[in-house]
Amino acid sequence: MLVCAISNHPWSSTLHTLSLLQNSKTTNDVSQVHARMITTGLIKNASLTTKIILAFSSSPHTPLIQFVRYIFMSRHAVRNRRNQKDPFLWNAIIKSSSHGDDPKEAFGMFCLMLENGVCVDEYSVSLVLKACSRLGWIKEGMQIHGLMRKLENGLDVFLENCLMGMYLRCGCVDFARQVFDRMPKRDSVSYNSMIDGYVKYGMVNLARELFDYMPMEKKNLISWNSMISGYAQSEDGIRLAWELFEQMPERDLVSWNSMIDGYVKCGKMEQAHDLFNRMPKRDVVSWANMVDGYAKLGSVHVARHLFDESPERDIIACNAMMAGYVQNGHCKEALEIFYDMQSENNFSPDNATLLIVLSAIAQLGHLDEGVEIHCYIEENRYSLDGKLGVALIDMYSKCGSIDNAVCVFEDIAEKNVDHWNAIIGGLAIHGFGELAFELFMEMERLSVKPDDITFIGVLNACGHAGLVKEGLMCFELMRRVYKMEPKVQHYGCMVDILGRAGQIKEAMKFIEEMPIEPNDVVWRTLLSACKIHENFSIGEPVAKHLITLDSCNSSSYVLLSNMYAGFGMWSDVNRVRTLMKERDLKKIPGCSWIELEGKVHEFFVKDKSHPQVGEIYTMLDSLCKLNAEVTSCRY
């Protein structure tokens, strides 16, 4: 036990108590020390409790922070009224909340401070403004603004900068500018905060006006870098970013990386690589930017070469390489980096890493690996309330384990619309249309506002389950209740619902009445329905229209050919096939996967590349013979 760890010290020693607390990390550790302080009477030692507050108010261990707050509230906040003019201890406690995991508590403590008549200083005000910034509490922040005007130190440059920062963090750019304009004195922080605020909210022109107005002696690297970063976010602004970069009196790593990042985002890798080669010094961000840029352009081999060449890597570089692999269909290689990262490096995966890994597993259909990652997430207590929960539901759905997807969904305490979308979409692709529709109705009951993706999911579910009335109801809900303008995907879903139900004429009429131009996917959906339900009169002109619309897509030719074959029109079949040969169009072969004992086997139509192809075809032949025998016995 912790208390026995240093048993040779006298318990009445304040030094011993501080030493014990230094090693306390758990609630049990802290409780033991607290009990001893009570039994020895040290709890009444004001000097000791003050030292405890000052020494441990910024501890990273939650139990110790909670103990410090308890000590303050029970021994100092109310009892010691002689030091009401000194806010020193109050500030230490407020900071533990404003910079910690409970900024709401900081605001409450500040209010209590005022109620008890304790004098607040500029540091107290700056801390409570920090809390309001983190919480996005604009109303409370404005109350502090009003209080500042009554205080003698209300016009302090430091506090005015904090106030401006609070307004910017809360999205009130105009209020921040009013504070800036009314400041009797401004420093570099004042200008840089306002410029950075404009940049972050996309108001680059206003940022440039202020930058040009800023006195030269107040401009520093932060000012220049903010402007370069702002311009570099768009292809139109990259030229202006380069002009500023050339004018800079000095540059640092941020300057170079901002320019490289700008060129990468615009897809101008030649210019990015030229800057990269000219850099006097590079860091992990420089390498990660280049890896990310080449990967997004599909040059995975160049990206991997740079990744291997980088002298040091961090989680950002690994994520960039993994994301590049996944985006270009090399999911196995992405997982290899993840496993290497775990075995060789000292840094742990973050949320972004796990999102990439789950996406790779979903594309590969490797359920066993997905289960392992789920266990890792649970063991390390990652929150599933955000994107990670969505990715986990999506992974299980795409790996064929809809039961696990539902379990993950049900276990998430704070569900947002993305979680609902993921499970509705998963149920839709597994054919559980009725259940998906019930979940959509549950969203209604719980007042969870759906978005356009929700309606795509539920309309798909209705289509697969043949729920025509329910699909039409959802479509009308979207338009009339939620006032959402349907996109081409929603119209496509409705065509699919009507087409699957055999209502070909209604589907055709629906397309003709669409307020937006139907794309090839909508027409191809109708054509598929025409083939299934043998509606030649509508199907043939639709197919010919599709071939005119997209002459390079083989699927339209194949659907038309199959339709002709279904009606025994073999000369027309030959004519379409000949046309495909003349245009060098090939049908993309069908593909299926099966996971057996943790290994995924992939099969294409007429594919004989599998090492056990002989055994597979022998088994299929025997099954066909057995099926023929059973059929003949019936009749």
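Right above here is the structure, for reference.
Note that the structure is predicted; figures quoted are calculated from it, not measured.

## Examining the overall build of the protein chain
Thought 1: Tallying secondary structure elements over the protein chain gives 35 helices and two strands in all.
Thought 2: Relative to the globule expectation of 26 Å for 635 residues, the C-alpha radius of gyration of the protein chain, 33 Å, shows a markedly less compact shape.
Thought 3: Of the contacts formed within the protein chain by residues at least 6 apart in sequence, a portion of 56% connects residues at least 24 apart.
Thought 4: Surface exposure of the protein chain reaches about 33900 Å², of which carbon and sulfur atoms provide 52%.

## Some details on helix H5 (residues 88–98)
Thought 1: Burial analysis of H5 places nine of its eleven residues in the buried class, the great majority of the element.
Thought 2: Among the residues making up H5, those that are buried are Leu-89, Trp-90, Asn-91, Ala-92, Ile-93, Ile-94, Ser-96, Ser-97 and Ser-98.

## Thoughts on the environment of Val-406
Thought 1: By the element assignment, Val-406 lies in helix H24 (residues 402–411).
Thought 2: Taking C-alpha positions, Val-406 is 9.0 Å from Gly-426, a pair spaced 20 residues apart along the chain.
Thought 3: Sequence-distant contacts of Val-406, defined by excluding residues within four places in its chain, comprise Ile-423 and Leu-427.

## Comments concerning a nonpolar patch on the surface
Thought 1: A contiguous nonpolar patch, built from Tyr-617, Met-619, Leu-620 and Leu-623 and spanning about 380 Å² of accessible area, is present on the exposed surface.
Thought 2: For Met-619, the location among the structural elements is in helix H35 (residues 613–634).

## Some details on the pattern of salt bridges
Thought 1: Following the criterion strictly, the structure yields 19 salt bridges and no others.
Thought 2: Asp-308 is the partner of Arg-304 in a salt bridge, and the nearest nitrogen-oxygen pair spans 3.0 Å. You can see Arg-304 and its partner Asp-308 sitting in helix H18 (residues 300–309), four residues apart, about one turn around the helix.
Thought 3: On the basis of relative accessible area, Arg-304 is assigned to the partly exposed category, the value being 25%.
Thought 4: What makes Asp-308 partly exposed here is its relative accessible area of 41%.
Thought 5: Residue Lys-544 is joined to Glu-540 by a salt bridge in which the shortest nitrogen-to-oxygen separation is 3.5 Å. Of the two residues, Lys-544 and Glu-540 both sit in helix H32 (residues 536–549), four residues apart, roughly one turn of that helix.
Thought 6: Residue Lys-544 is classed as partly exposed on the basis of its relative accessible area of 42%.

## Description of the packing of aromatic side chains
Thought 1: Inspection of the entire model under this criterion finds 16 aromatic pairs.
Thought 2: Among the aromatic residues, ring-to-ring pairing joins Trp-242, Phe-245 and Trp-256 into one connected group.
Thought 3: Geometry around Phe-180 places Arg-186 over its ring, the cationic atom sitting 4.4 Å from the centre.
Thought 4: The ring of Trp-224 carries Lys-219 above its face, with NZ or CZ at 5.8 Å from the centroid.

Reading the values: rules and limits
- Residues numbered from 1 in each chain as written.
- Predicted model: local features only at pLDDT ≥ 70, side-chain atom pairs only at ≥ 80, totals over all residues.
- Heavy atoms only, no water.
- Helix = DSSP H or I, 4+ residues; strand = E, 2+ residues; numbered from the N terminus.
- Rg over C-alpha atoms; globule rule 2.2 N^0.38 Å.
- Contact = heavy atoms within 4.5 Å.
- Areas by Shrake-Rupley, 256 points an atom, 1.4 Å probe, with all protein chains shown as cover.
- Buried < 20%, exposed > 50% of the residue type's maximum accessible area, 1.4 Å probe, protein only.
- Patch = residues over 30% accessible without salt bridge, like charges linked within 9 Å, V, L, I, M, F, W, Y side chains within 5 Å.
- Salt bridge = Lys/Arg side-chain N within 4 Å of Asp/Glu carboxyl O.
- Phe/Tyr/Trp six-rings, centres within 6.5 Å; stacked < 30°, edge-to-face > 60°.
- Lys NZ or Arg CZ within 6 Å of the ring centre and 35° of its normal.

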